[in-house]
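Summary of structural features
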Amino acid sequence: MDTPFEGARLKIKRANQHIADIKSKVNGLIDAYTVTIETNANTGDESVRYGLPDSNTPIQIALVTGDAIHNLKTALDYAWMGVLSRFVPAAVDNFSKFPILQSRNDLEGALNGREIHSSAPNLFRLMVSDIKSYKGGNDSIWCIHRLDIIDKHRLLLPVMNYTALQGIELQNNTGEIIRGGTWATTQPRPFFADIPNGYHIKNKGQVVVTVIFGKGTPVDGMDVSDMLSTFAIVVLNIVELLENV
């Protein structure tokens, strides 16, 4: 039978599979977009139209994100059960879970209430001074905790950010070429980029798609897959610390 620590690692592995799935879904959007040049019949000005497929990708990513967060939080709970079973078995019950509190004082109080300060002083010091599983102590743990709570009440709907960024080249009638240029938007599809007067599109460039956490989350504006990857590393480190107490 798997130990709680082995179970924790399996949960982290599953979370990483979810993260890979998110990246795959985003890459699918990038592969599917179309680029066309449109000309204003009255002015002759050009614009680039970046068409992205209508899809339920944001909903799918929201569901997978919630699953990844839940697996990471569960990994912490499993590891906590493992370390309690080893050092403070009397503290194990159906309500035992990895403690994440509002403040250091609250964390110390919760650990003292389970006699961990006296039964397992090394574990007590590790939680309070190193892992710091309280608001303002370890931001990643706190964010996992808050996101897990939010996902129980509503989907963690991401914001799809489309940016025409790579390889764009503009050319005027004299042959002068402008390379680069950035247009960023979160507007509904399709995405139009206006071209300055006197210039024409030489290279239509590529669309870059990023998926960021929306408002009302503790990681508002942060890249979803990047943050989840960071969380997974932090959780794995904590599991290893608890296993080696």
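Described in the following lines is the structure provided in the data block. (Residues numbered from 1 in each chain as written. Predicted model: local features only at pLDDT ≥ 70, side-chain atom pairs only at ≥ 80, totals over all residues. Heavy atoms only, no water.)

Time to look at the side chain of serine 96. If you trace the backbone, serine 96 turns up in the loop between helix 2 (57–87) and helix 3 (104–113). Overall, serine 96 belongs to the buried group, its relative accessible area being 12%. A polar side-chain atom of serine 96 sits 3.1 Å from the main-chain carbonyl oxygen of alanine 91. Of the polar contacts made by the side chain of serine 96, one reaches the backbone nitrogen of aspartate 93; its length is 2.9 Å. Sequence-distant contacts of serine 96, defined by excluding residues within four places in its chain, comprise Met81, Leu84, Ala91 and Arg114. (Helix = DSSP H or I, 4+ residues; strand = E, 2+ residues; numbered from the N terminus. Buried < 20%, exposed > 50% of the residue type's maximum accessible area, 1.4 Å probe, protein only. Polar contact = N/O pair within 3.5 Å; in protein donor to acceptor, adjacent residues only side chain to side chain. Contact = heavy atoms within 4.5 Å.)

Most of strand 2 (residues 46–51) is tucked away, with five of its six residues classed as buried. In terms of strand pairing, strand 1 (residues 34–39) meets strand 2 through six bridges, oriented antiparallel. In the sheet register, threonine 39 faces strand 2, and the bridge partner there is glutamate 46. In textbook terms, the turn of a hairpin is the stretch between consecutive antiparallel strands, and for strand 1 and strand 2 this stretch comprises six residues, one of which, glycine 44, has a positive phi near 80°. (Pairing = 2+ DSSP bridges.)

Turning our eyes to something else, we now look at the packing of helix 1 (residues 4–32) against helix 7 (residues 224–243). One way to put it is that helix 1 packs onto helix 7 with a least axis distance of 10 Å and a crossing angle of 170°. As judged from the angle between their axes, helix 1 and helix 7 are roughly antiparallel. Contacts between helix 1 and helix 7 involve Phe5, Ala8, Arg9, Ile12, Asn16, Ile19, Ile22 and Lys23 from the former and Val224, Ser225, Leu228, Ser229, Ala232, Val235, Leu236, Val239, Glu240, Leu242 and Glu243 from the latter. The class makeup of the residues in the contact of helix 1 with helix 7 is twelve nonpolar, three polar and four charged. (Axes fitted to C-alpha atoms, helices over the stretch in contact; angles between N-to-C directions. Parallel < 35°, antiparallel > 145°, perpendicular 65-115°, else oblique. Nonpolar A, V, L, I, M, F, W, Y, C, P; charged D, E, K, R; others polar.)

Glancing now at the side chain of asparagine 172. As for its placement among the helices and strands, asparagine 172 is situated in strand 3 (residues 158–172). By relative accessible area, asparagine 172 is classed as buried at 15%. A polar contact is formed between the side chain of asparagine 172 and the backbone nitrogen of glutamate 176, at a distance of 2.9 Å.

Turning our eyes to something else, we now look at the pattern of salt bridges. Enumeration according to the criterion identifies six salt bridges in this entry. For glutamate 108, the salt bridge identified is with arginine 104, shortest N-O distance 3.1 Å. Here glutamate 108 pairs with arginine 104, and both are found in helix 3, just four residues apart, close to one helical turn. Looking at arginine 104, the relative accessible area reads 36%, which means it is partly exposed. A salt bridge links lysine 152 to aspartate 148; the nearest nitrogen and oxygen atoms lie 3.8 Å apart. Note on aspartate 148: relative accessible area 7%, which makes it buried. (Salt bridge = Lys/Arg side-chain N within 4 Å of Asp/Glu carboxyl O.)

Core analysis: the biggest nonpolar cluster contains 68 residues, and Trp80, Phe98, Ile116, Phe231 and Leu242 have the highest contact counts within it. Residues within four places of phenylalanine 98 in sequence aside, it is in contact with Lys73, Leu76, Asp77, Trp80, Met127, Ile131, Ser133, Ile141, Ile238 and Leu242. (Core = buried A, V, L, I, M, F, W, Y, C linked by side-chain atoms within 4.5 Å.)

Within this model, the largest pocket holds a volume of roughly 350 Å³. As for the largest pocket, its lining consists of 21 residues, of which Phe95, Lys97, Phe98, Pro99 and Ile100 are closest to the centre. For the lining of the largest pocket, the secondary structure elements donating two or more residues are helix 2, helix 3 and helix 6 (139–151). For the lining of the largest pocket, the element with the highest residue contribution is helix 2, accounting for five residues. Per-class residue counts for the lining of the largest pocket are twelve nonpolar, four polar and five charged. (1 Å grid on protein atoms, 1.4 Å probe; cavity = no way out; pocket = protein on both sides within 12 Å on 5 of 7 lines; lining within 4 Å. Points joined across faces, edges and corners; volume = space filled by probe spheres on them.)

Just distances and angles here, no functional claims.
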